[in-house]
Amino acid sequence: MKITTKKINLYGKDTEPTQGVSNEYKTSHYAIRQPCLMYVSAVRSSGKSFCVSKMVSQAQKEKTFDRIYMITPTFQSNKSYFGKMIDEDDVFEPTKDSIQKVIEKVDEERDEFEDYLRKEKLYKEFIQILKSKREFSDGEIMKFEELGFLDDEFDKPKWKYDNVRPPQSLLILDDVLSSPALLQSSGITRIGSLNRHISPLQEPHSGRSACGLAVILISQTYTMPQGVSRTLRENITHLLIFKNKQEKQMSKIREELGSAVDEDKFMTAYNMATKEKYGNLLVDFNPRCPTMTFRKNLNELLIFEEDKEHCNCG
């Protein structure tokens, strides 16, 4: 059947919207893009927590996260993995409102950052007036006195973290299956669909319009009643799985991944990555390059020949 085409003078480039911000955290080329929504699924004693701790440790080396939160009933058991990276004040029991408590803390960090920006702006105004050698108005005196700029000794406003940027945070949920933390009313659906947009800013900063919240959910099974909902699973950016001997679980994974990655490629990569003890496969649904879709044990890319042809990173 023959088809002809004809260009029409509508819906051109002049009608395209301006490109929005991605709210992405800056990471190195091979690092996992953040803020992620990652699902880690494996049976007990497979090495899930150890593997996640390696990811978090690498992120801390790159200063990806300013603060890390955890919702778990077993923090003491995993203290050797996460104790150096997570303050115990940022660890919560899995309750109906634990996710909301984390979001409130992220909001508090956002408010603190925006207050710093306000003071920094006023400090620059103060210094500019000093350099001009003009007298301060009564209003300026009251304003700068309140900020402490007129004290004999005053400090320039300083942001509490090394990088001046909207705070970057990570939430790890571990051992929360069948807990109130996974109820729809808990906020899990919100962070599952809007994690990059958590804590919006009054004004964009560093190419971002929100603080965002990276999320890693660690589970002993891919799917179960009162477990992680399909809605949440369909929004994940990364899936980390270990050897799974339950065919029903693997069938469910293949079914849900079918629209995102090629099933044959997935199974080939899965079998290669999990053939050794503690072996695992990371699937990236939004990789920087097609050659970075599959990883074995985090640090070994599994590259299919046809994906090399579409490599965009050299």
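I will try to describe carefully the structure that is included in this document.

### Details of the layout of surface pockets
Approximately 390 Å³ is the volume attributed to the largest pocket. As for the largest pocket, its lining consists of 21 residues, of which Ile32, Met55, Gln58, Arg295 and Leu298 are closest to the centre. Put simply, the parts of the chain that give the lining of the largest pocket at least two residues each are α1 (48-61) and β11 (300-301). Sorting elements by how many residues they give to the lining of the largest pocket places α1 first, with five residues.

### Topic: the pairing of strand β8 (residues 238-242)
Counting buried positions along β8 yields five of five residues, so the element is predominantly enclosed. What you see with β8 is no split at all: His238, Leu240 and Phe242 on one side and Leu239 and Ile241 on the other are buried throughout. Alignment of strand β1 (residues 37-41) against β8, held across four bridges, turns out to be parallel. Along β8, the bridge assignment pairs Ser41 with Ile241.

### Looking at the side chain of Ser41
On the secondary structure map, Ser41 appears in strand β1. We classify Ser41 as buried; its relative accessible area is 5%. Here Tyr222 takes part through its backbone nitrogen, which lies 3.2 Å from a polar atom of the side chain of Ser41. Aside from chain neighbours lying at most four places away, what touches Ser41 is Lys48, Ser219, Thr221, Tyr222, Leu240, Ile241 and Phe242.

Each value, and the rule that gives it
- Residues numbered from 1 in each chain as written.
- Predicted model: local features only at pLDDT ≥ 70, side-chain atom pairs only at ≥ 80, totals over all residues.
- Heavy atoms only, no water.
- 1 Å grid on protein atoms, 1.4 Å probe; cavity = no way out; pocket = protein on both sides within 12 Å on 5 of 7 lines; lining within 4 Å.
- Points joined across faces, edges and corners; volume = space filled by probe spheres on them.
- Helix = DSSP H or I, 4+ residues; strand = E, 2+ residues; numbered from the N terminus.
- Buried < 20%, exposed > 50% of the residue type's maximum accessible area, 1.4 Å probe, protein only.
- Pairing = 2+ DSSP bridges.
- Polar contact = N/O pair within 3.5 Å; in protein donor to acceptor, adjacent residues only side chain to side chain.
- Contact = heavy atoms within 4.5 Å.

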